[in-house]
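# Per-entry structural report
What follows is each chain in one-letter form.
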Amino acid sequence: MRFGWAASASFPLRRSGRIVGVLSIYLRSVIGVDRAMRELLTEMGADISFALDAFAANEQRTQAESRLRHSEARYRTLFAESGVPMLLINRETGAIVDANLAAAQFYGWDIATLRRMHIGQINTMPPEDVTATVTAITEAGRGQYFFRHRLASGEVREIECFTSAVVVEDQRRTLAVIHDITARHVAEAALREKEHLLVEAQRLAHVGSWTLGSGHRLAWSEEMFRIFGLPEQAPVPSLDDFRRLVHPDDWALVETTMAANMRGEAGTPIEYRAVLP
């Protein structure tokens, strides 16, 4: 009454369903708010609430777009500056969309050339297998694969490829991280060859070997099974099983020698009798 107002009406303003304010109307007459006026003011309050929701949605969208731009910028930086070869591949066609400097240095083509290439020009598999693999990788989304990739020089390298689905510039792509494992393959092949030669040498000399590891687990060479008259497909005997294969009068010597070896003492040749099944 101090300011000459005789009546007032208030209508809630909402944002995302929550009341965040009120629309208040002050009148000089107590009979100034009829039904039509109330409906009009209610509609105004709803319109303002709708506008507040729109502003909030726009702000959230702007923030999301900003976060996305920041995320893509960070991804681009990591992609470009990584010392690990990386390829960005079209999930539908297998075309190489992008490559980083490390990939260019590894494959021997510059980045611009790699961007014009198809993954089938690098992968040594037949074209139909490349197409099937691209489809399988797309469906899996994330995975670990082993391929043979051809370099610009014509050399073929064994690679381990980790793939994941990424979104870059609103496009879903496959990110392929490449690790050259050629040296590891060569070393593994050499080890397999040495193991094969050892098996053959033991077979020809009728000499076996075994080791006792942690938990008193035994590991036997193939010739050990033949020496003790056991099928080669049989499981490696436990320590208790091995004890039953040694003559009872000789087990104490075998056990003492094993204990000394486990302590790191120099091995001493011993002779013991075997009890064949």
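This section reports on the structure supplied with the text.

The rules behind the values
- Residues numbered from 1 in each chain as written.
- Predicted model: local features only at pLDDT ≥ 70, side-chain atom pairs only at ≥ 80, totals over all residues.
- Heavy atoms only, no water.
- Helix = DSSP H or I, 4+ residues; strand = E, 2+ residues; numbered from the N terminus.
- Buried < 20%, exposed > 50% of the residue type's maximum accessible area, 1.4 Å probe, protein only.
- Contact = heavy atoms within 4.5 Å.
- Areas by Shrake-Rupley, 256 points an atom, 1.4 Å probe, with all protein chains shown as cover.
- Phe/Tyr/Trp six-rings, centres within 6.5 Å; stacked < 30°, edge-to-face > 60°.
- Expected span 1.5 Å × (residues − 1).
- Arc of directions from axis to C-beta.
- Core = buried A, V, L, I, M, F, W, Y, C linked by side-chain atoms within 4.5 Å.

## Looking at the overall build of the protein chain
Per the secondary structure count, the protein chain includes 8 helices and 9 strands. Here the protein chain holds 277 residues, and 30% of them are scored as buried. Considering only residue pairs separated by 6 or more positions, the protein chain has 36% of its internal contacts joining residues 24 or more positions apart. Within the structure as shown, the protein chain displays about 18300 Å² of accessible surface, and the carbon and sulfur contribution to it stands at 56%.

## Describing the packing of aromatic side chains
Aromatic ring pairs: the centre-centre distance and the angle between the two ring planes describe each pair. Within this structure, the stated rule accounts for 7 aromatic pairs. On the basis of an interplanar angle of 70 degrees and a centroid distance of 4.8 Å, the ring pair of Phe-106 and Tyr-107 is categorised as edge-to-face. Judged by its relative accessible area of 16%, Phe-106 falls in the buried class. Judged by relative accessible area, Tyr-107 falls into the buried class, the value being 1%. Taken together, a centroid distance of 5.3 Å and an interplanar angle of 35 degrees make the contact between Trp-220 and Phe-228 tilted. Here Trp-220 matches Phe-228 in class, with each residue buried.

## Some remarks on helix H4 (residues 127–140)
Over its 14 residues, H4 runs 20 Å from end to end, which matches the ideal 20 Å to within 8%, given 1.5 Å per residue. Residues of H4 that are buried include every one of Val-130, Thr-133, Val-134, Ile-137 and Thr-138, and no others. Buried residues of H4, seen end-on, are gathered within an arc of 135 degrees and therefore sit on one face of the element. Counted as exposed and oriented over 90 degrees from the buried face of H4: Glu-128, Thr-131 and Glu-139. Along its buried surface, H4 packs onto strand S5 (142–150), strand S6 (156–168) and strand S7 (171–180). Looking one or two residues past H4, Gly-141 carries a phi angle of roughly 80 degrees, positive in sign.

## Some points on the nonpolar core
For soluble globular proteins, nonpolar side chains are generally found buried alongside one another. The biggest cluster of nonpolar side chains holds 22 residues, and the ones touching the most others in it are Leu-87, Tyr-107 and Ile-178. Among the elements of the structure, strand S3 (86–90), strand S4 (96–99), helix H2 (101–107), H4, S5, S6 and S7 are those that each provide at least two residues to this core. If we ignore the near neighbours within four places in the chain, the residues touching Ile-178 are Val-84, Pro-85, Phe-106, Tyr-107, His-149, Ile-159, Glu-160 and Cys-161. Of all hydrophobic cores here, the second largest spans 13 residues; its members include Trp-220, Leu-239, Val-246 and Met-258.

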